Amino acid sequence: MTGYLTGHTDKISTDYHGKGGDKGSLAWNKAERCFTGFITDYKGLSPQEFTIGSPHCRHLMLNTGWFEFLVADMLSSWKLARKVWTNVRFSNPHGSNQNDINEVDVIVETTGDKLLYVECKTQVSKPTDIDKFNTVVKKTGGMGSKMIFVTKEPMKGDALNNIENLGIKRYVYRDICRNKNAFFGELRDYFTSI
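In this report, we go over the structure that sits alongside the text.

What counts, and where the lines are drawn
- Residues numbered from 1 in each chain as written.
- Predicted model: local features only at pLDDT ≥ 70, side-chain atom pairs only at ≥ 80, totals over all residues.
- Heavy atoms only, no water.
- Phe/Tyr/Trp six-rings, centres within 6.5 Å; stacked < 30°, edge-to-face > 60°.
- Buried < 20%, exposed > 50% of the residue type's maximum accessible area, 1.4 Å probe, protein only.
- Lys NZ or Arg CZ within 6 Å of the ring centre and 35° of its normal.
- Helix = DSSP H or I, 4+ residues; strand = E, 2+ residues; numbered from the N terminus.
- Axes fitted to C-alpha atoms, helices over the stretch in contact; angles between N-to-C directions.
- Parallel < 35°, antiparallel > 145°, perpendicular 65-115°, else oblique.
- Contact = heavy atoms within 4.5 Å.
- Nonpolar A, V, L, I, M, F, W, Y, C, P; charged D, E, K, R; others polar.
- Lys, Arg positive; Asp, Glu negative; His and termini not counted.
- Salt bridge = Lys/Arg side-chain N within 4 Å of Asp/Glu carboxyl O.
- Polar contact = N/O pair within 3.5 Å; in protein donor to acceptor, adjacent residues only side chain to side chain.
- Core = buried A, V, L, I, M, F, W, Y, C linked by side-chain atoms within 4.5 Å.
- Expected span 1.5 Å × (residues − 1).
- Pairing = 2+ DSSP bridges.
- 1 Å grid on protein atoms, 1.4 Å probe; cavity = no way out; pocket = protein on both sides within 12 Å on 5 of 7 lines; lining within 4 Å.
- Points joined across faces, edges and corners; volume = space filled by probe spheres on them.

Focus: the packing of aromatic side chains
Phase 1 of the analysis: Evaluation of the coordinates by the stated rule reveals 8 aromatic pairs.
Phase 2 of the analysis: When the ring of Phe183 is compared with that of Phe184, the centres are 5.5 Å apart and the planes differ by 50°; the resulting orientation is tilted. Taken as a pair, Phe183 and Phe184 share a single burial class, namely buried.
Phase 3 of the analysis: Among the aromatic residues, those joined into a cluster by ring pairs are Trp78, Tyr171, Phe183, Phe184, Tyr190 and Phe191.
Phase 4 of the analysis: Above the face of the Tyr190 ring, Lys146 is positioned so that its terminal group lies 5.0 Å from the ring centre.
Phase 5 of the analysis: Sitting above the plane of the Tyr190 ring, Lys169 keeps its charged end 5.3 Å from the centroid.

So this is what it looks like as structure tokens:
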């Protein structure tokens, strides 16, 4: 429901009806600066009403930046990670309005002074997002930088074909969490390759 409202900024409410009978609703109350709604269990039973409010409630509820922070936090535990930055913006210092050229979700500086660029997506809706990420890494990171794509759900279709054609390593977050040591081992090997 939050994903729907994020993608439809002209809407203030939505309903959900799942295949198993589960359902819910979510509505934004601008005057009270809160969301109200309800959810049921997978059978459509036991409705639970809720109200969530804070001065920045709408931004927090409808922002997918939580996934970037989750990935950055996990990468910060890698023993080769020296520094971890999130939401890194690159701008054109010679432009008239200095608009952002692009943004990278996470950059990790390793103990070997190399950079790992990480793109985080709950799901890839546009295969061109992969091309855009590939371009910004090549423009800003140079030949020694490495890049990976971390998604919440496995990639499919055109996005999967595109990332495979570009040779970008991809990971699903839950698979990483099942075996962080194996993931960090793969990253270490990736950094020693040319």
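A few points about the environment of Leu62
Phase 1 of the analysis: Relative to the helices and strands, Leu62 resides in the loop between α2 (57-61) and α3 (65-76).
Phase 2 of the analysis: For the pair formed by Leu62 and Phe183, sequence separation is 121 residues and the distance between their alpha carbons is 30 Å.

Side note on the packing of helix α4 (residues 128-141) against helix α5 (residues 157-166)
Phase 1 of the analysis: Running from N to C, α4 and α5 cross one another at 25°; their axes reach a closest spacing of 9 Å. On the basis of the axis angle, α4 is roughly parallel to α5. Touching Ile130, Asp131 and Asn134 of α4 are Ala159, Asn162, Ile163 and Leu166, all from α5.
Phase 2 of the analysis: Per-class residue counts for the contact of α4 with α5 are 4 nonpolar, 2 polar and 1 charged.

So, the side chain of Asp105
Phase 1 of the analysis: If you trace the backbone, Asp105 turns up in strand β6 (residues 100-110).
Phase 2 of the analysis: Despite its burial, Asp105 pairs with no opposite charge, the nearest such side chain being Lys121 at 5.5 Å.
Phase 3 of the analysis: Within polar-contact distance, the side chain of Asp105 engages the backbone nitrogen of Cys120 at 2.8 Å.
Phase 4 of the analysis: Setting aside its immediate chain neighbours within four residues, Asp105 contacts Glu68, Trp85, Thr86, Asn87, Val118, Glu119 and Cys120.

Digging into the nonpolar core
Phase 1 of the analysis: One finds Val71, Leu75, Val118, Ile148, Phe183 and Leu187 to be the most contacted residues of the largest nonpolar core, which totals 38 residues.
Phase 2 of the analysis: Among the nonpolar cores identified, the runner-up in size contains 6 residues, and Leu5, Leu26, Cys57 and Leu62 belong to it.

Description of α3
Phase 1 of the analysis: Over its 12 residues, α3 extends 17 Å from the first C-alpha to the last, a length consistent with the 16 Å expected when each residue adds 1.5 Å.
Phase 2 of the analysis: Here α3 has its buried residues at Gly65, Phe67, Glu68, Val71, Ala72, Met74 and Leu75.

Re the sheet that holds strand β3 (residues 34-39)
Strands in a sheet are paired, the pairing made by backbone hydrogen bonds, and the direction either parallel or antiparallel.
Phase 1 of the analysis: Strand order across the open sheet formed by 4 strands is β1-β2-β3-β4, with antiparallel pairing between neighbours. Strands at the two margins of the open sheet, each flanked by one partner only, are β1 (13-17) and β4 (48-53). Neighbour to neighbour, the strand axes of the sheet diverge by 10° on average, direction disregarded.
Phase 2 of the analysis: In this sheet, β3 lies alongside strand β2 (residues 23-29) in antiparallel orientation, the contact comprising 6 bridges. Note on β3: the bridge partner recorded for Ala27 is Thr36.

A short note on the layout of surface pockets
Phase 1 of the analysis: Volume-wise, the second largest pocket comes out at about 230 Å³.
Phase 2 of the analysis: Lining the second largest pocket are Asn134, Val137, Lys138, Gly142, Met143, Ser145, Lys146, Met147, Leu166, Gly167, Ile168 and Tyr190.
Phase 3 of the analysis: Where the lining of the second largest pocket is concerned, the elements lending two or more residues are α4 and β8 (146-151).
Phase 4 of the analysis: If one sorts the elements of the lining of the second largest pocket by residue count, α4 sits on top with 3 residues.
Phase 5 of the analysis: Considering only residue class, the lining of the second largest pocket consists of 6 nonpolar, 4 polar and 2 charged.

Side note on the environment of Leu75
Phase 1 of the analysis: Relative to the helices and strands, Leu75 is located in helix α3.
Phase 2 of the analysis: The spatial distance from the C-alpha of Leu75 to the C-alpha of Met155 is 21 Å, given a sequence separation of 80 residues.
Phase 3 of the analysis: Setting aside residues up to four positions removed in sequence, Leu75 forms contacts with Ala81, Val106, Val108, Val118, Phe183, Phe184 and Leu187.

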